[in-house]
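Descriptive structure summary
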Amino acid sequence: MSVDGPNPGPLDRATRRRLARLAADRIDTAGLEQRLRRAIAAERAPVAIRFPFRVWTAWGSLAAAVAVAFVVLILATSRQPDSSLFAAPDELAQLHEDLVQGRIPTVSVASLDEARLAIERAWRDAPELPALPPDQRVTCCCLRQVKGRHVACVHFIYEGTPITVFVAHAKDAPASDLPDEDRLFISRCVANVNMVVAQHRDRWLCFVGELPEIELIQLAQTTLTQPASTTDAPKG
Amino acid sequence: MANRPDHDPNHRFERLVWPCLQTLLRVARHMCRNDHEAEDLVQETMLKALRSMHQFDHGEDAKPWLLTIQRNLFIDRCRAAERRPPTVPLNESLDGPADDPSRADAGRFDAQWAHPEQLLERFGNPDMVAALKLLPVEIRWTLLLVDVEQLDHAQAAQVLGVPVGTIKSRAHRGRQMLRDRLFQLALQRGWVHPLSEGSP
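Rules of the game
- Residues numbered from 1 in each chain as written.
- Chains lettered and ligands numbered in written order.
- Predicted model: local features only at pLDDT ≥ 70, side-chain atom pairs only at ≥ 80, totals over all residues.
- Heavy atoms only, no water.
- Helix = DSSP H or I, 4+ residues; strand = E, 2+ residues; numbered from the N terminus.
- Buried < 20%, exposed > 50% of the residue type's maximum accessible area, 1.4 Å probe, protein only.
- Arc of directions from axis to C-beta.
- Contact = heavy atoms within 4.5 Å.
- Core = buried A, V, L, I, M, F, W, Y, C linked by side-chain atoms within 4.5 Å.
- Domains from an automatic or database assignment.
- Salt bridge = Lys/Arg side-chain N within 4 Å of Asp/Glu carboxyl O.
- Buried area = accessible area lost by both parts, 1.4 Å probe.
- Nonpolar A, V, L, I, M, F, W, Y, C, P; charged D, E, K, R; others polar.
- Axes fitted to C-alpha atoms, helices over the stretch in contact; angles between N-to-C directions.
- Parallel < 35°, antiparallel > 145°, perpendicular 65-115°, else oblique.
- Left-handed = near helix turned anticlockwise from the far one by under 90°.

Assignment of secondary structure puts K171 of chain A in the loop between β4 (161-169) and β5 (183-190). The sequence separation of K171 of chain A and R149 of chain A amounts to 22 residues, and the corresponding C-alpha distance is 9.9 Å.

This is how it looks when you write it as structure tokens:
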């Protein structure tokens, strides 16, 4: 009996070729991917909570305040209505991916100031853009509607990694039972990206990118603690 | 300092494991009774892989590693449900006596496959999948890994925990059995006609 060696017979070769074509059938994995993302987010959640506590310990009272708010916000956001921006992580991750791939129209800009001007021209009462770290390179920006809310998107490269920060008015991501102070929490990992959501003064910010969670938190933290004036942005 | 992407297990999971989702689901659908069961199996596989990323040391190719996890979970599920896989024992040797009559004379129609490429082309993918699902579990696993997913024999042997020689003989025997079932289907559909002499 011949077995499947380097030179299988013609019948076996034909059968192999036919079977190989089964792999070309694309299977719809969208539903499974969603389920998996939720399960993975739940799997990762305890780690995500531990990280900020450890890092912010050295930051003294600010860290404690943020950490408490972080826990409170997780609980609060679990009750957010579906219309809230908090309910749109998949959409935000997709927008980030679209920006990375250049699949949606944007305004090319070379700096945060240019992005600010472009956004303010299109959205008169746009929320203030965050003060990004100095070693970033802003590439483009745009305005989008997410869950029926205006969101400003600024795309930049930080340490070689594409990051998008989405900024909206805090009232569009309601967290009404929270004290009026800085809050930060990790939302989840969606698709290939991590996502950190912050609420700062009257702004809602969401940082999305492939940075490790902790680095994305640090980046978000920087924007919360850095005075807005450091961006020398002209105000309209 | 935080992990860089290449050393971060989460990042490696996204980069190496996530792209294998299609493969895992396709194999699972061929092995499980329904799509729901298949998705559960894949989800369990992916979560186990996520927890075990620190153990992953197979270069850039996560597919054999994932399929090993998936197969082990499949076996666990079969055992947990006290539901034997519908055909043969896991340590089955095809050199031993066969308890499946269709296996005993596998390839009995081979002489009648005058134009194998053309005849195989006439079967749609649902026909091929249905025929695959009628094969014994270990044979099915082998064909899925070697012929559908194009693992090499050594990788398939690793996934199934058997020697390479067993993979080769199973693959050959499995194709014969598959052709037998397809030929019977072709007879029913009138695509071919039995030989007047020596036909089964």
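Read on, since the account is not over.
Let's shift gears to helix α1 (residues 10-20) of chain A. Looking at α1 of chain A, one finds that the buried residues are L11, D12, A14, T15, R18 and L19 of chain A. The buried residues of α1 of chain A occupy an angular sector of 160 degrees when projected down its axis, which confines them to one face. Among the structural elements, α6 (116-122), α7 (125-133), α8 (137-148) and α10 (164-188) of chain B are those in contact with the buried residues of α1 of chain A.

Below, the discussion takes up the nonpolar core. Counting residues in each nonpolar core, the largest one holds 69 residues, and the members touching the most others are F13, V17, M46 and W113 of chain B. A per-element tally of this core places α8 of chain B first, with 8 residues. Here this core gathers at least three residues from each of two domains, domain 1 (9-80) and domain 2 (101-188) of chain B. One finds L129, V138, L211 and I217 of chain A within the second-largest nonpolar core, a separate group that totals 29 residues.

Turn by turn, an α-helix covers 3.6 residues, leaving residues three or four places apart pointing in a common direction. Residue and element names in this part refer to chain A. Within helix α5 (residues 112-122), burial applies to L112, A115, R116, A118 and I119. Projected down its long axis, α5 carries its buried residues within an arc of 165 degrees, all on one side. For α5, the secondary structure elements touched by its buried residues are β1 (107-108), β2 (136-146) and β3 (149-158).

Our next topic: the pattern of salt bridges. Per the counting criterion, the structure on display carries 19 salt bridges over all chains. Residues E14 of chain B and R37 of chain A are paired through a salt bridge, measuring 2.8 Å at the closest nitrogen-oxygen approach. With E14 of chain B in helix α1 (residues 9-17) and R37 of chain A in helix α2 (residues 30-56), the pair connects residues from two separate chains. A residue is classified by how much of its surface remains accessible, and R37 of chain A, at 9% relative accessible area, is buried. Here R179 of chain B and D110 of chain B are joined by a salt bridge, their closest N and O atoms 3.0 Å apart. On the criterion of sequence distance, the pair formed by R179 of chain B in helix α10 and D110 of chain B in the loop between α5 (101-104) and α6 is long-range, its members being 69 residues apart. Judged by relative accessible area, which is 1%, R179 of chain B ranks as buried. Its relative accessible area of 15% is what places D110 of chain B among the buried residues. Ionic contacts of the salt-bridge type, sharing partners, join the residues D12 and R16 of chain A together with D110, D147, R175 and R179 of chain B into one network.

Tallying the contact residues gives 50 residues for chain B and 39 residues for chain A. Carbon and sulfur atoms supply 55% of the area buried between chain B and chain A, which totals about 4,400 Å² over both sides. When the buried surface of chain B facing chain A is broken down by residue, E14, W18 and Q22 of chain B rank first, second and third, together holding 15% of it. Joining chain B to chain A, the criterion identifies 8 salt bridges. In this structure, R35 of chain A engages D40 of chain B in a salt bridge whose closest nitrogen and oxygen atoms are separated by 2.6 Å. Mapped by element, the contributors of at least two residues to the side of chain B that touches chain A are α1, α2 (21-31), α3 (35-51), α6, α7, α8 and α10 of chain B. Broken down by class, the residue content of the side of chain B that touches chain A amounts to 23 nonpolar, 11 polar and 16 charged.

Right, let's get into the packing of α2 of chain B against α8 of chain B. Residue and element names in this part refer to chain B. For the pair α2 and α8, the least separation of the axes is 10 Å and the interaxial angle reads 155 degrees. When the axes of α2 and α8 are compared, the pair comes out roughly antiparallel. Where α2 crosses over α8, the handedness of that crossing is right-handed. On α8, the residues touching R26, V27, H30 and M31 of α2 are V137, R140, W141, L144 and V148. When grouped by side-chain class, the residues that make up the contact of α2 with α8 number 6 nonpolar, 1 polar and 2 charged.

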